[in-house]
Amino acid sequence: MRSPHWTPLSRLLAHLGPETISPRMLLYLSVASTGLILLISQSSAMLLNRSHREPYSPRQRPQLSHQPPATTPPLPSPQLPSPIAVLNLSRAERAILNDVGDRRWDGRQWYLEQSRALYSYLTPEHRQRRAVIATNSGYYPSKADYLSLKDSEYQQVLQQGQPIRRLILGSSIALGIPEELLQDQDINLGIPAAHLQDILNQVQGLDPRVEPQQIILFGTGTPELLKEDSIEEIQQDTLEVLEALRNTYPQVPITLVSVLPRSRRDELTQPHMVRVDNSQVRRLNRNLAHLLAQHPQIRFLDLSPYITDNKGYLKRVFSTDGLHANALTALVLIKLLDFNDSLNGIFSPSPVGP
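Residues numbered from 1 in each chain as written. Predicted model: local features only at pLDDT ≥ 70, side-chain atom pairs only at ≥ 80, totals over all residues. Heavy atoms only, no water.

Enquirer: Tell me about the overall build of the chain, and name the residues and values.
Expert: For the chain, the helix and strand inventory stands at 14 helices and 5 strands. Residues counted as buried form 42% of the 354 residues belonging to the chain. When the accessible surface of the chain is summed, it comes to about 20000 Å², and 53% of that surface belongs to carbon and sulfur atoms. (Helix = DSSP H or I, 4+ residues; strand = E, 2+ residues; numbered from the N terminus. Buried < 20%, exposed > 50% of the residue type's maximum accessible area, 1.4 Å probe, protein only. Areas by Shrake-Rupley, 256 points an atom, 1.4 Å probe, with all protein chains shown as cover.)

If you want it as structure tokens, here you go:
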């Protein structure tokens, strides 16, 4: 049986003419024709013998291991104002910054003043510790002293039956939020040099019967970055803290504020601050933002567009030393929290007037 491809092939040969066809060209044409015939035959057989396929369905996206309970009311995505709008300060805001701008935090003096006010809530052991620190000018409070002090402050709130508006957790970056930016029902449990494991211990000591209206995590991860811990470790520890908070308060909105980068090397006041790798900070923040997008109870608040330059460095005007946030950064944070909370109807903004 003659191939259906013979007719066009014979026409091509007739067009070329016998005088233009060499033996080598004839061999090439024969091989090409044979290969084309085999290819068409195989394709036809595959089409005829193909079994019926199931209709296409998209692959299901894997679920994250840390999922909020189904009863948690979802939080809308933050609709935040522009940096220009946030940094357009009112007279009252500028007055607060002028008042606290030159204030130097003396950890020893601050501890002695606060522990005096909370003396009746201190344990006997920490009362003795306070006496040692008070009578020896060369003695400074340790992290354990600060943790005990903040636990005493929390116990005072519980015993007095005071409602809690915002519960703030974190390192010295959180503790540095000026009291002038907080309301009477806010409680700041920030601890100098607190690692995420320290914060986890704090969370485990919270009373689940006394729900705050909102929980803020601010200044986390920086102590670990100074120790040059891996991003994977910091990320895992952060998720453990969030999981503990979610289990303790399954209905309370939680805001995790982005990890702060550092300023440029020549703007740092301490050499060891250069250990904070801003590329790692950006990677950590991206990872956390992606993971927490699956959690309707937890909101990731990125401060970077408001406080960093076009290279990702912390602008020096937002820091006390090139690493720690100052009052202006705290004000930006409070304004963003108030703005988003007013959209969601959580509660009224902080009383900072025009």
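From this point on, the discussion continues.
Enquirer: Before we move on, could you go through the packing of aromatic side chains and cite the residues and values that matter?
Expert: Across all of its chains, the model carries 2 aromatic pairs by this definition. Relative to Tyr-146, the ring of Trp-110 has its centre 6.1 Å away and its plane inclined at 40°; by these criteria the two rings are tilted. Remark: Tyr-146 occurs in helix H7 (residues 143-160) and Trp-110 occurs in helix H5 (residues 107-117); sequence separation between them is 36 residues. Given the relative accessible area of 7%, Tyr-146 is considered buried. With centroids separated by 6.2 Å and ring planes inclined at 85°, the aromatic side chains of Tyr-111 and Tyr-146 adopt a geometry described as edge-to-face. Placement of Tyr-111 in helix H5 and of Tyr-146 in helix H7 is noted, with a sequence separation of 35 residues between them. By the ring-pair criterion, three or more aromatic residues cluster together here, those being Trp-110, Tyr-111 and Tyr-146. (Phe/Tyr/Trp six-rings, centres within 6.5 Å; stacked < 30°, edge-to-face > 60°.)

Enquirer: Explain H7 residue by residue, including any values.
Expert: In this model H7 runs 26 Å from its N-terminal to its C-terminal C-alpha over 18 residues, within 8% of the 26 Å that 1.5 Å per residue would give. Residues Asp-145, Tyr-146, Ser-148, Leu-149, Lys-150, Ser-152, Glu-153, Tyr-154 and Val-157 constitute the buried set of H7. Residues of H7 that are buried in the fold lie against H5, helix H6 (124-135), helix H8 (172-175), strand E2 (187-188) and helix H9 (196-204). Gly-161 sits one or two positions beyond H7 and adopts a positive phi of about 70°. (Expected span 1.5 Å × (residues − 1). Contact = heavy atoms within 4.5 Å.)

Enquirer: Tell me about the sheet that holds strand E1 (residues 166-170), and please be specific about residues and values.
Expert: Here we have 5 strands laid out as an open sheet, ordered E2-E1-E3-E4-E5, and parallel in their pairing. At either end of the open sheet lies a strand with only one pairing partner, and these are E2 and strand E5 (298-301). As paired strands, strand E3 (residues 214-218) and strand E4 (residues 254-257) are joined by 3 bridges and run parallel to one another. Directly across from Leu-217, in E4, lies its bridge partner Leu-256. (Pairing = 2+ DSSP bridges.)

Enquirer: Which residues make up the pattern of salt bridges, and what values do they have?
Expert: Per the stated rule, a full pass over the model turns up 14 salt bridges. Here Glu-93 makes a salt bridge to Lys-335, at a shortest N to O gap of 3.3 Å. In this pair, Glu-93 sits in helix H4 (residues 91-100) while Lys-335 sits in helix H14 (residues 327-344), placing the two residues 242 residues apart along the sequence. The salt bridge partner of Asp-309 is Arg-264, with a shortest N-O separation of 3.0 Å. (Salt bridge = Lys/Arg side-chain N within 4 Å of Asp/Glu carboxyl O.)

Enquirer: Give me unusual backbone geometry: which residues, what numbers.
Expert: Most peptide bonds adopt trans geometry, and most residues besides glycine take a negative phi value. In this structure, Ala-193 is a non-glycine residue whose phi angle is positive, near 60°. When you line up the elements, Ala-193 lands in the loop between E2 and H9. Under the relative-accessibility criterion, Ala-193 is labelled partly exposed at 41%.

Enquirer: I'd love a proper account of the packing of H5 against H6, names of residues and values included.
Expert: Contact geometry of H5 with H6 gives a least axis separation of 11 Å together with a crossing angle of 135°. One finds that H5 runs oblique with respect to H6. Crossing geometry of H5 relative to H6 is assigned as left-handed. Packed against H5, whose contacting residues are Arg-108, Tyr-111, Leu-112, Ser-115 and Arg-116, the element H6 presents His-126, Arg-130, Ile-133 and Ala-134 at the interface. Its residues assigned to classes, the contact of H5 with H6 comprises 4 nonpolar, 2 polar and 3 charged. (Axes fitted to C-alpha atoms, helices over the stretch in contact; angles between N-to-C directions. Parallel < 35°, antiparallel > 145°, perpendicular 65-115°, else oblique. Left-handed = near helix turned anticlockwise from the far one by under 90°. Nonpolar A, V, L, I, M, F, W, Y, C, P; charged D, E, K, R; others polar.)

Enquirer: So what's going on with the environment of Tyr-154? Residues and values would help.
Expert: One can find Tyr-154 in helix H7. Remark: the alpha-carbon pair of Tyr-154 and Leu-189, spanning 35 residues in sequence, is separated by 7.9 Å. Beyond its immediate chain neighbours, meaning those up to four positions away, Tyr-154 contacts Ile-164, Ile-187, Leu-189, Gly-205, Leu-206, Asp-207 and Tyr-249. A polar contact is formed between the side chain of Tyr-154 and the backbone nitrogen of Asp-207, at a distance of 2.9 Å. (Polar contact = N/O pair within 3.5 Å; in protein donor to acceptor, adjacent residues only side chain to side chain.)

Enquirer: Explain the packing of helix H11 (residues 231-248) against helix H12 (residues 278-292) to me, using residue names and the numbers behind them.
Expert: In the contact formed by H11 and H12, the axes pass within 10 Å of each other and the chain directions differ by 35°. Where H11 crosses over H12, the handedness of that crossing is right-handed. Along the contact surface, H11 presents Ile-231, Glu-232, Ile-234, Gln-235, Thr-238, Leu-239 and Leu-242, while H12 presents Gln-280, Arg-283, Leu-284, Asn-287, Leu-288, Leu-291 and Leu-292. When its residues are assigned to classes, the contact of H11 with H12 shows 8 nonpolar, 4 polar and 2 charged.

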